[in-house]
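# Close look at the chain arrangement
Here are the chains, one letter per residue:
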Amino acid sequence: MAKRQLSIDRIPSEADRRRFDRSMAAACPAPGLEVADSTVRVPDAVGAQTSPILHQPLRGTRTLLVWVHGGGWFIGSVEGYRGTTRVLADSARMNVLSLDYRLAPQHPFPAAFDDVAAGYRYAVDHAGELGADPGQVGIAGDSAGANIAAAVALSMADDARYRPAFLGLWYPIVDYRLDRYRSTDLFSAPLDRAIVEKAVRWYAPRLEQCADPRCFILTATVRELSALPPTLVAAAGVDVLRDQSVALADRLEAAGVTVVSTRGENLPHGYLGALFDSDARAETTRTAQMLADLARSRV
């Protein structure tokens, strides 16, 4: 079902996007969690973040995770991901602020990057209002959302005020040069190579955009990467992007970044969006707790 929705070749309509969100909501039940949800009203000038959702565990925490949803840069929303982000907040025992951003192809790079950067800066500036310590704000995402989260973290890595305390990346796409990775042609569901190539083309239609580290961080230098905060890289074992995750973890370790890497061996790309499955839910819980441990190690 996910592949059918991601394989669409025409520009997605609002109906297409609502259908994807309904599928995500159905696939990610999250009943009985000790998490309170609220809508955060922010100024219209803060990117596309007109209605981020804040999830707060009922047991207090001063850590805030800014979450960036996936969907190939062209589909997905905070509402569609609500089940996933509630489970992350409950499992990691963190406040989670889930952001929306403008979608491709109507809004190509750097629109999504700019929106998330603005939303993240807002979260740091208003951390106290969001129940967090400004020094304990991190950023994370999955798939295309991980791409954006990594790029925002890299862009702010040298900024004493906004440098994230930690970074979480679930099965990220971090390199447009797909021929470099064996896994690109090994798997076909829910992503295949054609879907990834289309998504990249819609998000960054010009080569010079792809070569910008704000678009794909594996185009950055070792020195630039060395400034990143402690990072979790969570790969999916059955995923066209699997080897990109491995390459990223290796590059970060070589640059001297604190890295925790893990792989859900028998899980596909997008397992955070399939929480009806017990294995996917267990891996989501496990990796969320790993991110929480990484964040606590910095406090």
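Up top is the structure.
What counts, and where the lines are drawn
- Residues numbered from 1 in each chain as written.
- Predicted model: local features only at pLDDT ≥ 70, side-chain atom pairs only at ≥ 80, totals over all residues.
- Heavy atoms only, no water.
- Helix = DSSP H or I, 4+ residues; strand = E, 2+ residues; numbered from the N terminus.
- Rg over C-alpha atoms; globule rule 2.2 N^0.38 Å.
- Buried < 20%, exposed > 50% of the residue type's maximum accessible area, 1.4 Å probe, protein only.
- Contact = heavy atoms within 4.5 Å.
- Areas by Shrake-Rupley, 256 points an atom, 1.4 Å probe, with all protein chains shown as cover.
- Pairing = 2+ DSSP bridges.
- Axes fitted to C-alpha atoms, helices over the stretch in contact; angles between N-to-C directions.
- 1 Å grid on protein atoms, 1.4 Å probe; cavity = no way out; pocket = protein on both sides within 12 Å on 5 of 7 lines; lining within 4 Å.
- Points joined across faces, edges and corners; volume = space filled by probe spheres on them.
- Nonpolar A, V, L, I, M, F, W, Y, C, P; charged D, E, K, R; others polar.
- Salt bridge = Lys/Arg side-chain N within 4 Å of Asp/Glu carboxyl O.
- Disulfide = S-S within 2.5 Å.
- Phe/Tyr/Trp six-rings, centres within 6.5 Å; stacked < 30°, edge-to-face > 60°.
- Parallel < 35°, antiparallel > 145°, perpendicular 65-115°, else oblique.
- Left-handed = near helix turned anticlockwise from the far one by under 90°.

To continue, consider the overall build of the protein chain. Counting secondary structure elements, the protein chain contains ten helices and eight strands. In terms of C-alpha radius of gyration, the protein chain reaches 17 Å, essentially the compact-globule figure of 19 Å for 299 residues. Within the span of the protein chain, comprising 299 residues, buried residues form 60% of the whole. The contacts in the protein chain between residues at least 6 apart in sequence include a share of 78% that link residues at least 24 apart. As presented, the protein chain carries roughly 11700 Å² of accessible surface, and 50% of it is formed by carbon and sulfur atoms.

A word on the sheet that holds strand β8 (residues 259-268). Sheet architecture is open: eight strands sit in the order β1-β2-β4-β3-β5-β6-β7-β8, paired in mixed fashion. One side of each edge strand has no neighbouring strand; the edge strands of this open sheet are β1 (35-39) and β8. Between one strand and the next, the sheet's axes are offset by a mean angle of 20°, whatever the strand orientation. Sheet topology note: the strand β5 (residues 137-142)/strand β6 (residues 167-170) ladder contains four bridges and is parallel. Note that in β6 the partner of Gly141 across the bridge is Leu169. The sheet strands contacting helix α3 (residues 82-92) are β1, β2 (53-57), β3 (64-68), β4 (95-99) and β6, and the helix crosses β2 at an angle near 30°. Sheet strands touched by helix α4 (residues 111-125): β3, β4 and β5. Its angle to β5, the strand with the most contacts, is close to 150°.

Inspection of the secondary structure puts Arg242 in helix α9 (residues 242-254). Along the primary structure Arg242 and Gly138 are separated by 104 residues, whereas in three dimensions their C-alpha atoms are 23 Å apart. When near neighbours in sequence (up to four residues on either side) are disregarded, Arg242 contacts Arg182, Ser183, Leu186, Phe187, Ala235, Ala236, Gly237 and Arg263.

Burial of β2 is extensive: four of the five residues sit out of reach of the surface. Sheet topology places β1 next to β2; five bridges connect them, and they run antiparallel. Across the sheet, Val35 pairs through a bridge with Pro57, a residue of β2.

In this model, the largest pocket occupies a volume close to 590 Å³. Lining the largest pocket are 37 residues, with Ala2, Leu6, Pro190, His269 and Gly270 positioned closest to its centre. The set of elements that each furnish at least two residues to the lining of the largest pocket consists of α1 (2-6), α2 (14-27), α6 (193-203) and β8. Residue composition of the lining of the largest pocket, by class: 24 nonpolar, ten polar and three charged.

Take the pattern of salt bridges next. Under the counting rule described, the total for this entry stands at 21 salt bridges. Here Arg82 and Asp37 are joined by a salt bridge, their closest N and O atoms 3.1 Å apart. Here Asp37 lies in strand β1 and Arg82 lies in helix α3, a separation of 45 residues in the sequence.

A separate point is the state of the cysteines. Joining two cysteines, a disulfide is a covalent bond between their sulfur atoms. Applying the stated criterion across every chain, the model contains zero disulfides. Free cysteine Cys210: the closest other cysteine sulfur is in Cys215, separated by 5.2 Å. Under the relative-accessibility criterion, Cys215 is labelled buried at 0%.

Inspection of the secondary structure puts Met94 in the loop between α3 and β4. Between the alpha carbons of Met94 and Pro205 there is a distance of 36 Å; along the sequence they are 111 residues apart.

The full count for this structure, using the stated rule, is seven aromatic pairs. For the pair Trp73 and Phe216, a centre-to-centre distance of 6.0 Å together with 90° between the ring planes defines the contact as edge-to-face. In this pair, Trp73 is assigned in the loop between β3 and α3 and Phe216 in the loop between α7 (207-210) and α8 (222-225), connecting sequence segments 143 residues apart. When sorted by exposure, Trp73 lands in the same class as Phe216, which is buried. Judged by centre distance (5.3 Å) and plane angle (65°), the rings of Tyr171 and Tyr271 are edge-to-face. Of the two residues, Tyr171 sits in the loop between β6 and α6 while Tyr271 sits in the loop between β8 and α10 (278-296), which places them 100 residues apart along the sequence. The exposure classification of Tyr171 matches that of Tyr271, with both residues buried.

Quick look at α3 now. The buried count for α3 comes to ten of eleven residues, which makes it a mostly enclosed element. Listing the buried residues of α3 in full gives Gly83, Thr84, Thr85, Arg86, Val87, Leu88, Ala89, Asp90, Ser91 and Ala92. Looking one or two places after α3, you find Arg93, whose phi comes out positive at around 55°.

Next up on the list: the packing of α3 against α10. Where α3 contacts α10, the axes come no closer than 8 Å and their chain directions differ by 55°. Viewed along their axes, α3 and α10 adopt a mutual orientation that is oblique. Both α3 and α10 take part in a crossing whose hand is right-handed. Across from Val87, Leu88, Ser91 and Ala92 in α3, the residues of α10 making contact are Arg281, Thr284, Thr285, Ala288, Gln289 and Ala292. Its residues assigned to classes, the contact of α3 with α10 shows five nonpolar, four polar and one charged.

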